[in-house]
Amino acid sequence: MLRLDDLLEAVAAYNPDADFDLIKKAYVFAAKAHEGQKRRSGEPFLTHPLAAALLLAKMRLDVASIVAALLHDTVEDTGVTLEEVERLFGNEIRQLVDGVTKLGKIKFTTSEERQAENFRKMIMAMAQDIRVILIKLADRVHNMRTLDSMSETKQAEIAQESMDIYAPIANRLGIQEFKVEMEDLALKFLKPEFYRMIDEQVSERKEKREKYITSVKEMMTRAMRENSVPCEVTGRLKHYFSIHRKMESQNIPFDEVHDLIAFRILVDTLPQCYEALGIIHSLWRPIPGRFKDYIAMPKANNYQSLHTTVIGPEGERVEFQIRTREMHEIAEHGIAAHWKYKEGKLAGETKDEMKFRWIRRLLEWQSELKDPAEFLDTVKLDLFADDVYVFTPKGELKELPRGSTPIDFAYAVHTEVGNACVGARVNGKIVPLSYKLHSGDSVEILTRKDMRPNRDWLQFVKTSKAKAKVRQFLKLEEHTQSKQVGWELLEQACQKHGLSPTKLLKEPAVLKYAKENGFKEEESLLSAMGYGKILPEDLLGFVLPKGELKPKESVKETTLSRLARKIARRTLGQVKVSGVSDMLISFGKCCNPVPGDAITGYVTRGKGVSVHVHDCSKLLSTDPDRRIFVEWDASAPISRIAKIKVVCADRPGMLQAMTEAITSQGVNIAQATARTTEEHNAVNTFDVEITGVEQLRHVLKSLERVKGIISVERVRS
Ligand code: MN
């Protein structure tokens, strides 16, 4: 069983001047608080915080972290209060204990939305003090080690959560030790048969494997000594989870997993890494494509190492990882390796700022993303993606998640560059904007000042930054447009009463009206008017004293205007304006679009957005700046009147035949007219009620089949 002395020794090994009294005091305090409590395994509860503290001491963390780890369950599980912790151990430790307690309450097994919200909380906690998450990870690792005594449901729940959330975070923070242990333990509980199978296979070959490891080690050490490169060689079986992943991803049995064993060579200096690599390659033939230089190009979590796979002494594949001891420390302990135990803060903050890049990035974007599900989406993206490394034309290195496109690159350079991106050249060649970047690509972004982000980009951009920035831009644009529509509606209403909209908006009552209707300021009120959520008349009625709302002309609603309003109401929700479905819209009479037509919107003066067929000549003569993207709302199907012109021989029975041809398609005729030409032909027009272009096409086809028909066409006006 663990003892306090083990912990004190571990701390003394790297920090002889540590405040041992404080650690002892925390230990005694925790012992008293947890007195009589037992873990489910039957052990005294105190072993748990002690084990967590020891894990952190192995990572050489500062005294505050060690003390907080000892106290981490006291507030949650005993009568101890945070005030008490602060009084006895100071504010810093109180903050840490508080952070860990709060994190402990976050569950990731709930609904997607809650999960997203919880994830956000965790990121916030990490950003405030990274030590909180380090303590939480140590807590989780020890809980995973002692998971055996929990109920099966609890085992599965905790294992899954560790696999989904904590192992990826450990990986992102570069703490391989924690990541590997959590993954292996999670596998044990999530896929017990699989785990047992690997375990059996592995122990069967244990003797043979150890012999093999010893012989390779000896060969390697000798060769290194002959070249005067001092080194330390270790060989080990790859961890179970990575064996499992290999079997799954390549769909192969255990026997066919080749490089089960990996050797690690630790040297003193960076040049020796490359020397060692040369020595290995002179002993055994390297496998092409398997050499990776993470020293020249460190991973996002700052992992540095040389990897190579060679055909080993027995004709088998074997992997070597070569790094300096310093790199090794970072590989195992990641961000924790940078935690200077003496000063209680990161060494050389500016230089190490990059270590926090990931968290900073998340924070920056989470403030822009209001929707928790969206946030989770983007965070997962960052957490699980591998990276590619590409270059700017000036040779500057940019790191992007795998699958990133030139647009992601553009936004990584600068938001302005992303917003103005029109094209990209990769290694000198023009590529589509959806092109997936490869490591080593040199990327040049072509920009144009008047260019704007395109909604379609969201389909293929990969980074959360690009996603967030494009969404932000589109939202802003939508808002501007709805405000413009709102302003015009208001202007029109004011004109009717001989009022100035500018003056009206200065009335203090406007703000009052806005607040009463749940809007922060006049601007959002205008925007709501544009969306048709608020009628300008209602605002006028509220702002102006009774009786003052005297119309210049008669406001008596004509039948026509009433009808127009009815139609306007009815048309709400049939067309989405810039992806928004409840904007006030009308259809152009000039081109009379029906569902399925390619359409474009035009921001009118006072009538909301008018929708036209995209090549309508009237639309094309309008101000391009006022045109906006609209699309049919498939979730709100409607029927529209389309006009059909049919020329036929003027003879008896034709009208009936045509009517039958139309109604046989299940289509109503709203109106029909006919006239005779000098050539003894009849020109008929039918207004038919259709649900879309597809149905219209059937009607036209059906008409064409009628004997005596000369021509059939859809007319736009
Ligand atoms: Mn705990």
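Residues numbered from 1 in each chain as written. Predicted model: local features only at pLDDT ≥ 70, side-chain atom pairs only at ≥ 80, totals over all residues. Heavy atoms only, no water.

(A) Region of the structure containing the coordination of the manganese ion. For the manganese ion, the full set of protein donor atoms is His 48 (NE2), His 72 (NE2), Asp 73 (OD) and Asp 139 (OD), and the range of their distances to it is 2.2 to 2.3 Å. Each donor residue of the manganese ion lies on the same chain, and together they follow the pattern H-x23-H-D-x65-D. On the criterion of sequence distance, the pair formed by His 48 in helix H3 (residues 47-58) and His 72 in the loop between helix H4 (63-71) and helix H5 (74-77) is long-range, its members being 24 residues apart. In terms of burial, His 48 and His 72 fall into one category: buried. (Donors = N, O, S within 2.8 Å, 3.2 Å for Na, K, Ca; no water. Helix = DSSP H or I, 4+ residues; strand = E, 2+ residues; numbered from the N terminus. Buried < 20%, exposed > 50% of the residue type's maximum accessible area, 1.4 Å probe, protein only.)

(B) Structural view of the pattern of salt bridges. Counted under the stated rule, the structure contains 22 salt bridges. Between Arg 325 and Glu 232 there is a salt bridge, with the nearest N and O atoms lying 3.3 Å from each other. With Arg 325 in helix H16 (residues 325-333) and Glu 232 in strand S1 (residues 232-237), the pair connects residues that are 93 residues apart, well separated along the chain. Overall, the relative accessible area of 36% leaves Arg 325 in the partly exposed class. Each of Asp 62, Glu 92 and Arg 131 takes part in salt bridges that share partners, so that together they form one network. (Salt bridge = Lys/Arg side-chain N within 4 Å of Asp/Glu carboxyl O.)

(C) Representation of the sheet that holds strand S20 (residues 640-649) in the model. If you trace the 4 strands from one edge of the open sheet to the other, you get S21-S22-S20-S23, paired in antiparallel fashion. Both outer strands of the open sheet, strand S21 (668-676) and strand S23 (709-715), are each paired with one neighbouring strand and no more. In this sheet, neighbouring strand axes are inclined to one another by 20° on average, regardless of whether the strands run parallel or antiparallel. Where S21 meets strand S22 (residues 681-690), 8 bridges bridge the pair, whose relative direction is antiparallel. Looking across to S22, one finds that Gln 671 is bridged to Asp 687. Running at roughly 25° to S22, helix H29 (residues 654-663) makes contact with S20, S21, S22 and S23 of the sheet. (Pairing = 2+ DSSP bridges. Axes fitted to C-alpha atoms, helices over the stretch in contact; angles between N-to-C directions. Contact = heavy atoms within 4.5 Å.)

(D) Seen up close, the side chain of Thr 74. Examined against the element boundaries, Thr 74 turns out to sit in helix H5. For Thr 74, a relative accessible area of 0% puts it in the buried group. For Thr 74, the side chain forms a polar contact with the main-chain oxygen of Leu 71, separated by 2.7 Å. Ignoring anything within four residues of it in the chain, the contact list for Thr 74 reads Ala 30, Ala 33, His 34, Gly 79 and Val 80. (Polar contact = N/O pair within 3.5 Å; in protein donor to acceptor, adjacent residues only side chain to side chain.)

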